[in-house]
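The lines below spell out each chain.
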Amino acid sequence: DAGVTQSPTHLIKTRGQQVTLRCSPKSGHDTVSWYQQALGQGPQFIFQYYEEEERQRGNFPDRFSGHQFPNYSSELNVNALLLGDSALYLCASSPGTDRGVYYGYTFGSGTRLTVV
Amino acid sequence: LAKTTQPISMDSYEGQEVNITCSHNNIATNDYITWYQQFPSQGPRFIIQGYKTKVTNEVASLFIPADRKSSTLSLPRVSLSDTAVYYCLVGDKYTGFQKLVFGTGTRLLVSP
């Protein structure tokens, strides 16, 4: 059973450019969340997608946007990249609909984005 | 969401038992306590979750006192491969929609 798959694993971009990161959720999961993790910090919630809609959003500027496709996969887009956007971007999936007990989110290994 | 406080780092040796305590004074009635483990350049991995008293699985034990204002993750007989960052989170268990709020975690270093 495949877990959460993210691509690419590493990426280097220049300030001002745009980037798209991709995520395939774990089989059976329909909700995808994105997190940004700066070096030495815990992951910070960016936004969450369910039924192709952004369901909730963290404290991130509009430069960060996303999309969810009918097969539940998701993309994270960041425009006008800043040096401070350099981080590990994590995708987490879960069975969003209330199915009673669940045992935590499943995270991917992340995409390491470096902005130069 | 309730805020959690953990030690920044801990050191241990192989074969020892490690206890990491988390403080969550403002935990709500519906909140559960969940612990995640994260290795470098990987995403967090679910370890254990509990509401009260004691929960044990093949990886760890979780001790939660009656007032639920703190919890302790216990790792029996740690090995070098247990070197990681451990995060304590609190939130409503019965939903897959919750926004996980991570602190800085506890960096555990296990030495030979």
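Nothing here was measured: the structure is a model prediction, and the numbers come from that model.

(A) Examining the state of the cysteines more closely. Counted by the stated rule, this structure contains 2 disulfides over all chains. Cys-23 of chain A shares a disulfide with Cys-91 of chain A; S-S distance 1.8 Å. Here the disulfide of Cys-23 of chain A and Cys-91 of chain A is left-handed, its torsion about the S-S bond being about -60°. On the criterion of sequence distance, the pair formed by Cys-23 of chain A in strand β3 (residues 19-24) and Cys-91 of chain A in strand β9 (residues 87-94) is long-range, its members being 68 residues apart. For the pair shown, Cys-23 of chain A and Cys-91 of chain A are each scored as buried. In this model Cys-22 of chain B forms its disulfide with Cys-88 of chain B; the gap between the sulfur atoms is 2.2 Å. Because the torsion about its S-S bond is -80°, the bridge between Cys-22 of chain B and Cys-88 of chain B counts as left-handed.

(B) Structural detail: the packing of aromatic side chains. Counted according to the given criterion, the structure contains 11 aromatic pairs over all chains. Centroid distance Tyr-35 of chain A to Phe-45 of chain A: 5.5 Å. Interplanar angle 70°. Geometry classified as edge-to-face. Taken as a pair, Tyr-35 of chain A in strand β4 (residues 31-37) and Phe-45 of chain A in strand β5 (residues 44-50) lie far apart in primary sequence, 10 residues in all. With relative accessibility at 0%, the residue Tyr-35 of chain A sits in the buried group. Classification of Phe-45 of chain A by relative accessible area gives buried; the value is 6%. A centroid spacing of 6.1 Å and a plane angle of 85° characterise the contact between Tyr-36 of chain B and Phe-46 of chain B, whose relative ring orientation is edge-to-face. One end of the pair, Tyr-36 of chain B, is in strand β3 (residues 31-38); the other, Phe-46 of chain B, is in strand β4 (residues 45-50), with 10 residues separating them in the sequence. On the basis of relative accessible area, Tyr-36 of chain B is assigned to the buried category, the value being 2%.

About the criteria used
- Within each chain, residue numbers correspond to sequence positions counted from 1 in written order.
- For naming, the first written chain is A and the first written ligand is 1, with later ones following in the order written.
- pLDDT decides what is reported in this predicted model: residues at 70 or higher carry local features, side-chain atom pairs at 80 or more are listed and counted, and totals for whole chains, interfaces and linings draw on all residues regardless.
- As a convention, hydrogens and water are excluded, and side-chain values are obtained from all of the structure's heavy atoms.
- By disulfide we mean two sulfur atoms from cysteines, separated by a distance within 2.5 Å.
- Where helices and strands are cited, they refer to DSSP runs of H or I of at least four residues and of E of at least two residues respectively, numbered from the N terminus.
- Each residue is assigned to one of three classes by its accessible area relative to the maximum for its type, calculated with a 1.4 Å probe on protein chains only: buried under 20%, partly exposed between the two thresholds, exposed over 50%.
- Aromatic rings from Phe, Tyr and Trp, with only the six-membered ring used for Trp, were paired whenever their centres fell within 6.5 Å, and each pair was classed as stacked if the ring planes differed by under 30 degrees, edge-to-face if by over 60, and tilted otherwise.

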